[in-house]
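Results of the structural survey
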Amino acid sequence: MVMEEQRRPTVAVVVLGDIGRSPRMRYHASSLIEEGFNVNLIGYGGSEIPELKKYPGRISVSYVKDYISVTAQGMSRIFLYFIKVFALTLSLAWALNWRRPPLCVLVQNPPSIPALPVLYLYCLVTKAHFFIDWHNYGHTILSLTLKPTHPLVSVCRWVEFHFGSRAVAGFCVTDAMRADLNNHGLERVATLYDLPSPAFKPISDEEKAKFLLRIGELYPKAFCCEDGGKKRVNRFAQLSEIGTAELKAERPGLVVSATSWTEDEDFQMFLTALETYDAQAVQNKVIAELVVVITGKGPLKRKFVEIIDSIPWRRIVIVTPWLSAEDYPRMLASSDLGVSLHSSSSGLDLPMKVVDMFGAGLPVAALDFSCLEELVVNDKNGIVFNNASELHAALVKWFKGPDFKNPNAGNTFHKTYRDNVKRFASRDWHSHWSDIALPEFKKFVSNP
Ligand SMILES: *[C@@H]1O[C@H](CO)[C@@H](O)[C@H](O)[C@H]1NC(C)=O
């Protein structure tokens, strides 16, 4: 039995990031295991890796240590960066298995440095086959913090395309990115879309009501428990006489947005749209009151919470909770509309949070950028906006009149959008992966 397990071909799945927080690389690992490979995950520790419990004996982890975080400015920043790269190179090389190398190496890009050169050399020495999973470009992300003309950006760009072209195969997240890689001479790349993980799925009205009652206890300001703390009723849901949870017929609209509160998301645009909506809803009672839930942690959060608190909202309440990994999918599934302000550094990757919203059955209003239409199709599964006034119009369209509360009744656009979202979410990762990625691995092993 043990012999049998050891004879399986191994794929090293590498990410210079927290493995537990790299869902796509973990999905690659699961799919490889399902198809008969063993997997050696290589990356940073920090979060739990559920696959370790799920596939005992088939998966191992080798941790890379990230000793140095670069927070300094100016010249010392560059200096620290080189030290960091040097330390990471050693740490990564140490984590790799040189005595019994894997059959294939699949590495996430970005981060590109030092992952791509180190793993390319490793594959050269050990004769492993070199695969890259392109989530985005490292050099476009780097050019957000440094200037686009900074020499380090050019170095990173060269590293990405030079070592990228040495891979035997690659996968990427959009057709737009594949076309761009093709333009840079990388021909053996296939589009492998992100799909929602199984945790993100639609839930019944009763489950929504239960969840909203529970979350209401934590955020009474927004959810406004009306029965003096007996927890039987809030603005969204109530417990019936016989104790079953139900959604209230009269309830506010529930909008959800997730953010990492960084410079590349324009939250001011969202607030401006909400302020206009608020003023309009005071005038026009047909426009629903809103509870807006913005989840996530990040550097600009405090600044925006101060701005939010300084605005005299009348028909809108905004809360910025931290939600657990179990509650976040329920929050999405219980909401009426998701909002995405993601804009891509390369214009070639798609917002994972919208994928998850679709998984939960939630239509979205999403900020437009060059390849968004590979995911969100305006007026089909969501509304695409370019500026605050278009986002405001999207919110009014969605929450004018009572239809949003009953998307499955009647023949409103709410139902059409939700049906289209459901169709998207019915595709599953493993069969998509088996169509696109498995044949590439099978080229090197006939029978895993
Ligand atoms: C918002 O974007 C639309 C479409 O690009 C444009 O027609 C409109 O003028 C813009 N509005 C403002 C206020 O910038």
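Residues numbered from 1 in each chain as written. Predicted model: local features only at pLDDT ≥ 70, side-chain atom pairs only at ≥ 80, totals over all residues. Heavy atoms only, no water.

Now for helix H6 (residues 138–145). Within the sequence span of H6, burial applies to Gly138, His139, Thr140, Leu142 and Ser143. Next to the buried residues of H6 lie strand E4 (104–109) and helix H7 (151–164). (Buried < 20%, exposed > 50% of the residue type's maximum accessible area, 1.4 Å probe, protein only. Helix = DSSP H or I, 4+ residues; strand = E, 2+ residues; numbered from the N terminus. Contact = heavy atoms within 4.5 Å.)

Residues of strand E15 (residues 382–385) alternate between two faces, with Gly382 and Val384 on one and Ile383 and Phe385 on the opposite face, all of them buried. As defined by bridge partners, strand E14 (residues 364–367) adjoins E15 across 4 bridges and the pair is classed as parallel. For Ala366, the partnering residue across the bridge sits in E15 and is Val384. (Pairing = 2+ DSSP bridges.)

With that settled, the discussion passes to the sheet that holds E4. One open sheet accounts for 7 strands, arranged E3-E2-E1-E4-E5-E6-E7; its pairing is parallel. This sheet does not close on itself; its edge strands, each paired only once, are strand E3 (59–63) and strand E7 (189–191). Each strand axis lies, on average, 20° off the axis of its neighbour in the sheet, ignoring direction. Two strands pair when backbone bridges link them, and E4 and strand E5 (residues 129–134) are joined in this way by 6 bridges, in the parallel orientation. When the sheet's bridge partners are listed, Leu106 is paired in E5 with Phe131. (Axes fitted to C-alpha atoms, helices over the stretch in contact; angles between N-to-C directions.)

A word on the environment of Asp403. On the secondary structure map, Asp403 appears in the loop between helix H15 (388–399) and helix H16 (413–425). Judged by its relative accessible area of 37%, Asp403 falls in the partly exposed class. Along the sequence, Asp403 and His414 sit 11 residues apart, while their C-alpha atoms lie 7.3 Å from each other. Leave out the neighbours within four places in its chain, and Asp403 touches Thr412 and His414.

Near the ligand you find Asn386, Asn387, Ser389 and Glu390, and these make up its full shell. At a separation of 3.2 Å, an oxygen atom of the ligand approaches a polar side-chain atom of Glu390. Its free accessible area being 360 Å², the ligand has 31% of it covered by the protein chains. Of the residues belonging to the shell around the ligand, the class tally is no nonpolar, 3 polar and 1 charged. (Near = heavy atom within 4 Å. Polar contact = N/O pair within 3.5 Å; in protein donor to acceptor, adjacent residues only side chain to side chain. Areas by Shrake-Rupley, 256 points an atom, 1.4 Å probe, with all protein chains shown as cover. Nonpolar A, V, L, I, M, F, W, Y, C, P; charged D, E, K, R; others polar.)

Looking now at the UniProt feature "transmembrane region" (unreviewed entry) in the chain. Per the UniProt entry, the sites bearing "transmembrane region" (unreviewed entry) are residues 78–96 in this numbering. Helix makes up 95% of residues 78–96 and strand 0%, and the two end C-alpha atoms of the span are 27 Å apart. (UniProt positions renumbered as here; feature names shortened; annotations may be inferred.)

A few words now on the side chain of Ser22. For Ser22, the position within the fold is in the loop between strand E1 (10–18) and helix H2 (23–34). For Ser22, a relative accessible area of 10% puts it in the buried group. A polar side-chain atom of Ser22 sits 2.8 Å from the main-chain carbonyl oxygen of Asp18.

Here we come to the nonpolar core. With 70 residues, the main nonpolar core has Val376 and Phe441 as its most contacted residues. When residues of this core are assigned to domains, at least three fall in each of domain 1 (2–195 + 429–442) and domain 2 (251–425). The residues touching Val376, leaving out its near neighbours within four places in the chain, are Val354, Phe358, Val364, Ala366, Asn381, Gly382 and Val384. (Core = buried A, V, L, I, M, F, W, Y, C linked by side-chain atoms within 4.5 Å. Domains from an automatic or database assignment.)

With that out of the way, let us pick up the domain arrangement of the chain. Domain annotation of the chain identifies domain 1 (2–195 + 429–442) and domain 2 (251–425). Centre-to-centre separation of domain 1 and domain 2, based on C-alpha positions: 32 Å. Of the residues lining the interface, 15 residues belong to domain 1; the matching set on domain 2 comes to 11 residues. Interface area for domain 1 against domain 2, summed over the two sides, is near 1100 Å², with a carbon-plus-sulfur share of 66%. Run the count over domain 1 and domain 2 and you get 0 salt bridges. The interface formed by domain 1 and domain 2 contains 6 residue pairs in polar contact (both at pLDDT 80 or more). Sorting the residues of the side of domain 1 that touches domain 2 by element identifies H6 and helix H8 (175–183) as the ones contributing at least two each. (Buried area = accessible area lost by both parts, 1.4 Å probe. Salt bridge = Lys/Arg side-chain N within 4 Å of Asp/Glu carboxyl O.)

With respect to the helices, strands and loops of the structure, Gly185 is situated in the loop between H8 and E7. Taking the relative accessible area as the measure of exposure, Gly185 reaches 47% and is therefore partly exposed.

Now for the packing of helix H9 (residues 205–218) against helix H13 (residues 327–334). Two quantities define a packed helix pair, namely the angle between the axes and the distance from one axis to the other. Interaxial distance between H9 and H13 falls to 10 Å at its minimum, and their mutual angle equals 115°. When you trace H9 past H13, the crossing you get is left-handed. Here Lys208, Phe211, Leu212, Arg214 and Ile215 of H9 come into contact with H13, specifically with Asp327, Arg330, Met331, Ala333 and Ser334. Across the contact of H9 with H13, the residue classes tally to 5 nonpolar, 1 polar and 4 charged. (Left-handed = near helix turned anticlockwise from the far one by under 90°.)

This brings us to the confidence of the model for the chain. On average, the chain scores 91 in pLDDT, and the residues at 70 or more come to 95%. Note on residues 1–5: pLDDT is under 50 here. Beyond four places in sequence and across chains, it has 3 contacts. (pLDDT = per-residue confidence, 0-100.)

Counted under the stated rule, the structure contains 18 salt bridges. In this structure, the salt-bridge partner of Asp327 is Arg214, at a minimum N-O distance of 2.8 Å. Linking Asp327 in helix H13 with Arg214 in helix H9, this pair joins segments that are 113 residues apart in sequence. Across the pair Glu265 and Lys353 runs a salt bridge, and its minimum N-O distance is 2.4 Å. Of this pair, Glu265 sits in the loop between strand E10 (253–258) and helix H11 (267–283) while Lys353 is found in helix H14 (residues 352–359), placing the two residues 88 residues apart along the sequence. Of the two residues, Glu265 and Lys353, both sit in the buried class.

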